Amino acid sequence: MKVVLGVSGGIAAYKACELLRLFTESGHEVRVVPTRDALRFVGEPTWAALSGHPVTAEVWDDVHEVPHVRIGQAADLVVVAPATADVLARAAHGLAGDLLTNTLLTARCPVVFAPAMHTEMWQHPATLANVATLRERGSIVIDPAVGRLTGADTGPGRLPDPAEIFQICLRVLRGRPRDLAGRKVVVSAGGTREAIDPVRFIGNRSSGLQGYALARTAAARGAEVTLVAANVALPDPAGATVVRVESTTELREAVLTASGGADVVVMAAAVADFRPATRHESKIKKSDGEPEPIHLVKNPDILAELGERRPSHPQVIVGFAAETDDVIANGRDKLRRKGCDLLVVNQVGPGLAFGTPDNAATVLVADGDPVEVPRGPKEDVADAVWDLVAARLT
Ligand code: CTP
């Protein structure tokens, strides 16, 4: 596939080198079209060497080949990463002062913008209006990640991880639908930790991979995603707002807050059913006698709570379960008990479920027949869940 990688003049331009590598190493032909300012951050030789194609910001080079029209016409995808406030403004207004903006005007393929800038610039009404215009015209504008910006400040405005931008682009190239556009989705992921003392906790083996795959695919399908992440060491999925929590109490608070206006809530997190009755303020020391027993108390069941207090608008609630025996019967019982619409029952086994890239599941449907999702990447399992969710939303 032919990809145009537009790079505009932000410090995150260096991260676009990695995005370029991901495209070329997976067999895509990439033309890099930087702006003049992008070349102040990363020079022409780097882009040319990594892409294997000549690189210019100008419309006046190789004019006999009419590059200002041809590059856009030939592309299967244009991705602008990083997209500065300036390039978003120029794209929204149809300006054509350099090769990149000419390319954006001539491209008839999907266009993805990955903005990166300081929070003030991202939240400025002018930028918000330009982003809204571009989205109305069908461009995909990925919400920037929240985190450390250039200098000491933090906030929304970071370029998402290049691998995450790449995943979104691959889905666009494959023509995956954006059927969750306009939907608000909450996904919980990871595993909660219940503190025993300041250094110890009771936890579980959840890696967060399945929950992150759900958040990543929902964002790629156009949803506004809040990802409540319990102790996950993975890069933020592009476009999702990530809320980090540790304990079940914090997870409950974050999920209930975010779920109020949500169309879909997916509880993929492995939630501790119990927590120590008391959290020692200081580290428990070894003593000569027998150790003190740890008394446990029950945690609230967040999924059951969501099922009980549904909002006035329609909301699809999805639960997860890991079962080893009587998968369907136990799952059905759990689905009923927890009052959810769909229950994704993971088959626990070698190379499946915890910490692995693959999964296989049976999705139990409250008012229908179960759907088998064959073994495959967690993204495929996530897409199968979203297919069922999307069908219920319409
Ligand atoms: N869950 C939850 N709150 C809890 C425990 C679980 O919201 N305190 C959610 C999980 O996120 C998952 C689903 O409930 O979506 C199933 O969790 P599981 O622990 O398998 O359910 P249990 O009812 O605890 O069943 P079991 O007896 O098999 O442990």
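All residue numbers here refer to positions counted from 1 along the written sequence of the relevant chain. Predicted model: local features are reported for residues with pLDDT of at least 70 only, side-chain atom pairs are reported and counted for 80 or more only, and whole-chain, interface and lining totals are derived from all residues. Hydrogens and waters are ignored; side-chain quantities use all the structure's heavy atoms.

## Let's talk about the sheet that holds strand β1 (residues 2-7)
- Taken in spatial order, the five strands of this open sheet run β2-β1-β3-β4-β5, and their pairing is parallel. Either end of the sheet is taken by a strand with one partner, and the two such strands are β2 (29-34) and β5 (140-141).
- Strand pairing requires that DSSP identify at least two bridges connecting the strands. Under the DSSP-based scheme used, a helix requires at least four consecutive residues in state H or I and a strand at least two consecutive residues in state E, with every element numbered from the N terminus. Of the pairings in the sheet, the one linking strand β3 (residues 77-83) to strand β4 (residues 111-115) comprises four bridges and is parallel in character. Note that in β4 the partner of Ala83 across the bridge is Pro115.
- Docked against the sheet, helix α5 (residues 85-92) engages β3 and β4, running at close to 140 degrees with respect to β3.
- Two residues qualify as a contact provided that any one of their heavy atoms is within 4.5 Å of a heavy atom in the partner residue. All axes here are fitted lines through C-alpha atoms, helices being fitted over the stretch that makes contact, and every angle between N-to-C directions spans 0 to 180 degrees. In the packing of helix α9 (residues 162-173) onto the sheet, contacts are made with β1, β3, β4 and β5, and the angle to β3 comes to roughly 160 degrees.

## Topic: the side chain of Gln315
- For Gln315, the position within the fold is in the loop between α12 (302-308) and β16 (316-323).
- With residues up to four places along the chain from it excluded, the contact list for Gln315 reads Ser259, Ala262, Asp263, Val264, Val265, Arg310 and Asp341.

## Some points on the packing of aromatic side chains
- What counts as a ring pair is set by centres within 6.5 Å for rings of Phe, Tyr and Trp (its six-membered ring), and what kind of pair is set by the plane angle: stacked under 30 degrees, edge-to-face over 60, tilted for all other angles. In this structure the tally under the stated criterion is one aromatic pair.
- With a centroid separation of 5.1 Å and 80 degrees between ring planes, the pair formed by Phe23 and Phe166 is classed as edge-to-face. Residue Phe23 is found in helix α1 (residues 13-25), and its partner Phe166 is found in helix α9; the two are separated by 143 residues along the sequence.

## Quick notes on the sheet that holds strand β12 (residues 241-245)
- Spatially, eight strands are ordered β12-β11-β8-β13-β16-β17-β18-β19 in an open sheet, and the strand pairing comes out mixed. The open sheet has two free edges, formed respectively by β12 and β19 (371-377), since each of these has just one partner strand. Here the average twist between neighbouring strands, direction ignored, is 20 degrees.
- In this structure, strand β18 (residues 358-365) lies alongside β19, joined through five bridges in antiparallel fashion. The residue of β19 that forms the bridge with Asn359 is Gly376.
- Packing of helix α11 (residues 248-259) onto the sheet brings it into contact with β8 (184-190), β11 (224-230), β12 and β13 (264-267), and relative to β11 it is tilted by some 170 degrees.

## Things to note about the domain arrangement of the chain
- By convention here, the domain bounds are inherited from an automatic or database domain assignment. You can read the domains of the chain as domain 1 (2-173) and domain 2 (184-393).
- When each unit is reduced to the centre of its C-alpha atoms, the spacing between domain 1 and domain 2 is 35 Å.
- Each partner contributes to the interface: domain 1 provides 10 residues, whereas domain 2 provides 10 residues.
- With both sides pooled, the region where domain 1 packs onto domain 2 buries about 840 Å², and carbon together with sulfur makes up 57% of that total.
- Computed with a 1.4 Å rolling probe, the buried area is the accessible surface lost when two parts are put together, summed over both parts. When the buried area of domain 1 at its contact with domain 2 is split by residue, Glu164, Ile168 and Arg171 rank highest and sum to 62% of it.
- Salt bridge criterion: a side-chain nitrogen from Lys or Arg within 4 Å of a carboxyl oxygen from Asp or Glu. Where domain 1 touches domain 2, the interface holds two salt bridges.
- Residue Arg171 pairs with Asp383 through a salt bridge whose shortest N-O separation is 2.9 Å.
- Think of a polar contact as two N or O atoms within 3.5 Å of one another; within protein, one of them needs to be a possible hydrogen donor and the other a possible acceptor, and neighboring residues in sequence only count if both atoms come from side chains. Taken together, domain 1 and domain 2 are joined by two residue pairs in polar contact (both at pLDDT 80 or more).
- A total of five residues in the side of domain 1 that touches domain 2 trace back to one element, the largest contributor, which is α9.
- Each residue is assigned to one of three groups, with Ala, Val, Leu, Ile, Met, Phe, Trp, Tyr, Cys and Pro labelled nonpolar, Asp, Glu, Lys and Arg labelled charged, and all others, Gly among them, labelled polar. Grouping the amino acids of the side of domain 1 that touches domain 2 by side-chain chemistry returns five nonpolar, one polar and four charged.

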